[in-house]
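Given next are the chains, with one letter for each unit.
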Amino acid sequence: MIDIYSPLSGSMLPLAEVKDPVLSEGIVGWGCAVAPVEERWHDVCAPVAGKLLKVHPHAFIVFTSAGIGILVHLGIDTVGLKGEGFDVLKKDGDTVELGETVVRWDSAVAIERGLATSVSVIACDLPKDLIRLHVRNRETVIRGDHLFSVATPGEAQ
């Protein structure tokens, strides 16, 4: 099993409540979301250790040593901000440790434009039955708290 941790503090939400069908319907994979606390700036960290496969201001993917990609997507429709409100600290190919900050995000920029700020954390391209979610919906999580686990290929179901 690979444990996935919260990239920021907030309230845990079921992925089904994310206002983007690509994320909420599991098209890219399964996981959960975190609605950020009411701070203006968020240090969004790596939810696992690994290599950054892709880094955009609004999203990044950490590829684990077990070959599983974990997507962290900041807000909904935030790609339209074209980087405004994001300070990207890492780049494609960088190795990151669990908890290492990848992006600093001023979520107020998204809020001013009426965009949702939930941060989705998704195990990419895996069937739902490999994901072991903690039942903590709407509970407060602190950056670094355990969110869910992913069974690696070959592990007992």
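Refer to the structure printed above.
Figured I'd write up the structure that's included with this text. (Residues numbered from 1 in each chain as written. Predicted model: local features only at pLDDT ≥ 70, side-chain atom pairs only at ≥ 80, totals over all residues. Heavy atoms only, no water.)

Take D20: it is sitting in the loop between strand 2 (10–14) and helix 1 (21–24). Although D20 is buried, it forms no salt bridge, and the closest oppositely charged side chain is K19 at an N-O distance of 12 Å. (Helix = DSSP H or I, 4+ residues; strand = E, 2+ residues; numbered from the N terminus. Buried < 20%, exposed > 50% of the residue type's maximum accessible area, 1.4 Å probe, protein only. Lys, Arg positive; Asp, Glu negative; His and termini not counted. Salt bridge = Lys/Arg side-chain N within 4 Å of Asp/Glu carboxyl O.)

Okay, the packing of aromatic side chains next. Under the defined criterion, the tally for this structure stands at one aromatic pair. Their ring planes at 5° and their centres at 5.8 Å tell us that F86 and W105 sit as a pair that is stacked. Of this pair, F86 sits in strand 8 (residues 86–88) while W105 is found in strand 10 (residues 101–106), placing the two residues 19 residues apart along the sequence. W105 matches F86 in its accessibility class, with the two residues each being buried. (Phe/Tyr/Trp six-rings, centres within 6.5 Å; stacked < 30°, edge-to-face > 60°.)

Glancing now at the sheet that holds strand 2. Spatially, the eight strands line up as an open sheet ordered 9-5-6-7-11-3-2-13, and their pairing is antiparallel. Bordering the open sheet on either side are strand 9 (95–96) and strand 13 (140–141), each of which pairs with just one other strand. (Pairing = 2+ DSSP bridges.)

Once that is clear, we can look at unusual backbone geometry. Of all residues except glycine, most have a negative phi; of all peptide bonds, most are trans. Backbone geometry places D77, a non-glycine residue, at a positive phi of 60°. The topology assignment puts D77 in the loop between strand 7 (69–74) and strand 8. Classification of D77 by relative accessible area gives exposed; the value is 53%. Of note, K82 is a non-glycine position whose phi angle comes to about 50°, a positive value. Mapped onto the elements, K82 comes out in the loop between strand 7 and strand 8. Exposure remark for K82: the relative accessible area of 77% places this residue in the exposed category.

Another aspect to go through is the pattern of salt bridges. Inspection of every chain in the model, using the stated rule, returns six salt bridges. One salt bridge connects E84 with R113, and the closest N-O pair in it is separated by 2.9 Å. Note that E84 is positioned in the loop between strand 7 and strand 8 and R113 in the loop between helix 2 (107–112) and strand 11 (119–124), a separation of 29 residues in sequence. When its relative accessible area of 40% is taken as the criterion, E84 is described as partly exposed.

Core analysis: the biggest nonpolar cluster contains 33 residues, and I4, F60, L74, V102, L147 and F148 have the highest contact counts within it. Ignoring sequence-local partners within four residues, the contact set of V102 consists of V44, C45, A46, L52, V55, F60, D87, V88, L89, K90 and V96. In terms of nonpolar packing, the next biggest core, distinct from the first, is built from ten residues, V18, A33, A59 and C124 among them. (Core = buried A, V, L, I, M, F, W, Y, C linked by side-chain atoms within 4.5 Å. Contact = heavy atoms within 4.5 Å.)

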